[in-house]
Amino acid sequence: DLPESEFGLYVDGTRFLRSLELAVHGQRPLSLSAAVSADGRHIAADLTNPDLCHGEIVVMRGRTLRLARRLELTPRGLDQVLTVESFNPAPHELVVTWHYTADFADVFEVRGMIRERRGELYPPQLDKSLARLSYRGLDGTMRVTTLAFTPAPEKVTPGFARHRLTVPPGQIIELRLRITADEEPEPDRPRPAPAWVPDVTPLEPTVQVASGNAGFDGWLARSWADLRMLTTTTVHGRMAHAAIPSTGID
């Protein structure tokens, strides 16, 4: 089982995706660099491969691949593009795998509250390019996490999707993953109108602060971005909601 963690993809106070991990030939890539946009909605991470082995034989030396992950938070999910570029002098077959889990825990459960009862997890629905993970809560609402892969993977299971690629030298292959979070109330029990709606428009600071210390300026900009991520529009105006500003996607 996964260790307890507050990370994940949250929508309307529910964790629709607990984990999303990338592996190449069963191994986790090495991180080279990462950056987050000022509004906190875009993440860019550059990765490379460790030595890839078959038994004791090294089939691909480390740092032969460039793996560029670009993530964008959307109002109800996450879009991701993985660009794979090979510097190997010959074509090479790669096995790229997405490992994922969903628990549909609410923010109070994630923070340690023990619930007497939970809703019902449904068997995953799988297609050649889709995985639908579903949960009906005690409020009667069906919550669905859909993972859509482009191109279609070689194999899709309830816990992973596997691509088998042949990457020519000096060329680029692009894999796309779209994650959407949907809520479907029971027909005879309509969901009440929410007291708040996600605000996808950027909130710009009304005061600009600059100092002679670049570290302080960076800390201030990051603090403002975190506050902005926690702020949403309600029927009573803009309010800060207690939450976790980071996506925590590995």
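A quick note: this is a predicted structure, and the numbers were derived from the prediction, not measured. (Residues numbered from 1 in each chain as written. Predicted model: local features only at pLDDT ≥ 70, side-chain atom pairs only at ≥ 80, totals over all residues. Heavy atoms only, no water.)

Visitor: Can you help me understand the environment of Arg118 in this one?
Guide: When you line up the elements, Arg118 lands in the loop between α1 (107-110) and β11 (120-121). A relative accessible area of 33% means that Arg118 is categorised as partly exposed. C-alpha separation for the pair Arg118 and Arg136, spaced 18 residues apart in sequence, amounts to 9.1 Å. Setting aside its immediate chain neighbours within four residues, Arg118 contacts Asp103, Phe104, Ala105, Glu109, Tyr135 and Leu138. Within the structure, Arg118 has its side chain in polar contact with the side chain of Glu109 (distance 2.7 Å). (Helix = DSSP H or I, 4+ residues; strand = E, 2+ residues; numbered from the N terminus. Buried < 20%, exposed > 50% of the residue type's maximum accessible area, 1.4 Å probe, protein only. Contact = heavy atoms within 4.5 Å. Polar contact = N/O pair within 3.5 Å; in protein donor to acceptor, adjacent residues only side chain to side chain.)

Visitor: Explain the pairing of strand β5 (residues 42-48) to me, please; I cannot follow it from the model alone.
Guide: Pairing geometry for strand β4 (residues 30-36) and β5, over 6 bridges, is antiparallel. What sits directly across from Ser31, in β5, is Leu47. The antiparallel pairing of β4 with β5 creates a hairpin that spans 5 residues between the two strands, and Gly40 there sits at a positive phi of about 75°. Summarising the sheet, β5 and strand β8 (residues 65-74) pair through 7 bridges and their orientation is antiparallel. Bridge pairing links Asp46 to Ala68 in β8. (Pairing = 2+ DSSP bridges.)

Visitor: Quick question: what am I supposed to make of the side chain of Asp103 here?
Guide: Examined against the element boundaries, Asp103 turns out to sit in the loop between β10 (92-101) and α1. By relative accessible area, Asp103 is classed as buried at 18%. Not counting residues up to four positions away in its chain, the partners in contact with Asp103 are Arg15, Arg18 and Arg118.

Visitor: Can you help me understand a nonpolar patch on the surface in this one?
Guide: A contiguous nonpolar surface patch, about 420 Å² in accessible area, is contributed by Val207, Val209, Phe216 and Trp219. Topologically, Phe216 is positioned in helix α2 (residues 214-230). (Patch = residues over 30% accessible without salt bridge, like charges linked within 9 Å, V, L, I, M, F, W, Y side chains within 5 Å. Areas by Shrake-Rupley, 256 points an atom, 1.4 Å probe, with all protein chains shown as cover. Salt bridge = Lys/Arg side-chain N within 4 Å of Asp/Glu carboxyl O.)

Visitor: How do you make sense of the confidence of the model for the protein chain when you look at a structure like this?
Guide: The predicted structure's coordinates, where accompanied by low pLDDT, should not be read in detail. Across the protein chain, the average pLDDT comes to 86, with 84% of residues at or above 70. The low-confidence segment residues 194-201, where pLDDT is below 50, has 18 contacts with residues more than four positions distant or belonging to other chains. Throughout residues 245-250 the model reports pLDDT below 50, and contacts reaching past four residues in sequence, or to other chains, amount to 20 contacts. (pLDDT = per-residue confidence, 0-100.)

Visitor: Any chance you could explain α2 here in plain terms?
Guide: Residues spaced three or four apart along an α-helix face the same direction, because each turn holds 3.6 residues. A rise of 1.5 Å per residue sets the reference length of α2, with its 17 residues, at 24 Å; its end C-alpha atoms lie 25 Å apart and thus fit the reference within 8%. If you check which residues of α2 are buried, you get Ala225, Arg228 and Leu230. For α2, the N-terminal cap is Asn213; the gap from its side-chain oxygen to the backbone nitrogen of Gly215 is 2.9 Å. (Expected span 1.5 Å × (residues − 1).)

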